[in-house]
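Per-entry structural report
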Amino acid sequence: MTSLSDLKKNRNSFMKQLNKEIEKIDSPSESKSYVDDRFWKPEVDKSGNGYAVIRFLPPIQGEDIPWARVFNHGFQGPTGLWYIENSLTTIGKKDPVSEYNTQLWNSGIEANKEVARKQKRRLTYISNIYVISDPKNPQNEGKVFLYKFGKKIFDKINDLMNPEFEDETPVNPFDLWEGANFKLKIRKVEGYQNYDKSEFDSPSQLLETDDELEAVWNAQYALAEFTADNNFKTYDELKERLDAVLALGTSKVEDPVVQSVQKLPTAVEEIQQERKPMPSYASSLSSDDDDEEDMSYFARLAEQD
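Quick caveat, the model's predicted, so the values are computed rather than measured.

Note that side chains of opposite charge can pair when their charged atoms are close. Per the counting criterion, the structure on display carries nine salt bridges. Between Arg38 and Asp36 there is a salt bridge; the shortest N-O distance is 2.7 Å. Each member of the pair, Arg38 as well as Asp36, is classed as buried. Between Arg117 and Glu114 there is a salt bridge, with its nearest N and O atoms 3.3 Å apart. Of this pair, Arg117 and Glu114 both sit in helix α4 (residues 110-118), three residues apart, which is roughly one turn of that helix. Judged by its relative accessible area of 27%, Arg117 falls in the partly exposed class. Residues joined in a network through salt bridges with shared partners are Asp36, Arg38 and Glu225.

This part covers the nonpolar core. Counting 32 residues, the largest nonpolar core has Trp40, Phe56, Trp67 and Tyr147 as its most contacted members. Elements supplying a minimum of two residues to this core: α2 (11-26), β1 (50-56), β4 (121-133), β5 (144-149), α5 (151-161) and β6 (180-189). The next biggest cluster of nonpolar side chains, apart from the first, holds 15 residues, and it includes Tyr83, Tyr100, Leu238 and Leu248.

Further remarks concern the pairing of β4. In terms of burial, β4 is largely enclosed, as eleven of its 13 residues are buried. Where β1 lies against β4, four bridges are found, and the strand directions are antiparallel. For Val53, the partnering residue across the bridge sits in β4 and is Ser133. By the bridge criterion, six bridges tie strand β2 (residues 68-76) to β4 in an arrangement that is antiparallel. Within β4, the residue paired with His73 across the bridge is Arg121.

Conventions we followed
- Residues numbered from 1 in each chain as written.
- Predicted model: local features only at pLDDT ≥ 70, side-chain atom pairs only at ≥ 80, totals over all residues.
- Heavy atoms only, no water.
- Salt bridge = Lys/Arg side-chain N within 4 Å of Asp/Glu carboxyl O.
- Buried < 20%, exposed > 50% of the residue type's maximum accessible area, 1.4 Å probe, protein only.
- Helix = DSSP H or I, 4+ residues; strand = E, 2+ residues; numbered from the N terminus.
- Core = buried A, V, L, I, M, F, W, Y, C linked by side-chain atoms within 4.5 Å.
- Pairing = 2+ DSSP bridges.

This is the structure:
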């Protein structure tokens, strides 16, 4: 895309392109821990409830997709140390945690499968958004931010673009002219943030004039950095950290499986009462994720062996 006029003219073909990307995601086949003021995060009250209205934005010039898709891991080992890292599977490379989890899963022992579940990768999406209403922080309204969200919200985007019933019209929520505002409704359910009540509004133009829309479009951030190689540690660096967190005591991920198959679940159980509170950046990895994709991922890996 070279201009806003091109974006407006080609928005129908753009929606088809996005659906192709969704098909890739459906087919088998954080970013950083410090505070980044480019990111917007909804604020909740003491009961865990929150509300805001946002608009997902189209890709910037030079990028084709309005989201970045990143896998990461966040878990505590029997050593008490935390493993909080991006997964190399995001960029199609081998990852030591995925390899180790696959071996646990393939052991056929349920206790090992449970450990693998606790260490599984988490899925995060990152998009540009325009904040329409933020009652807790009205100073954010009318501004462009990056927003991290999970599979549950992405499923709502997919449902809007690919409705289930024939009497429903597909809508591209990333369209500036005929997209739809997203009413983010947050509840606390079983200790986690829940977004099931969130919904898209009727289609509408984001702002009145193309000049205003172009200003928003030009204020967006590049997403390519989140899947760039320099956003990921090397395999050896990740393996070294994994060995330290799980006390594997070897330079090879494969070797300790025979022992850890029997000992690791016990070690995990022994420290259950002594675990430190999960840091906020780690707990957020679990707040809006779905187990279904992760478990199918393990199943596919098991079939490959």
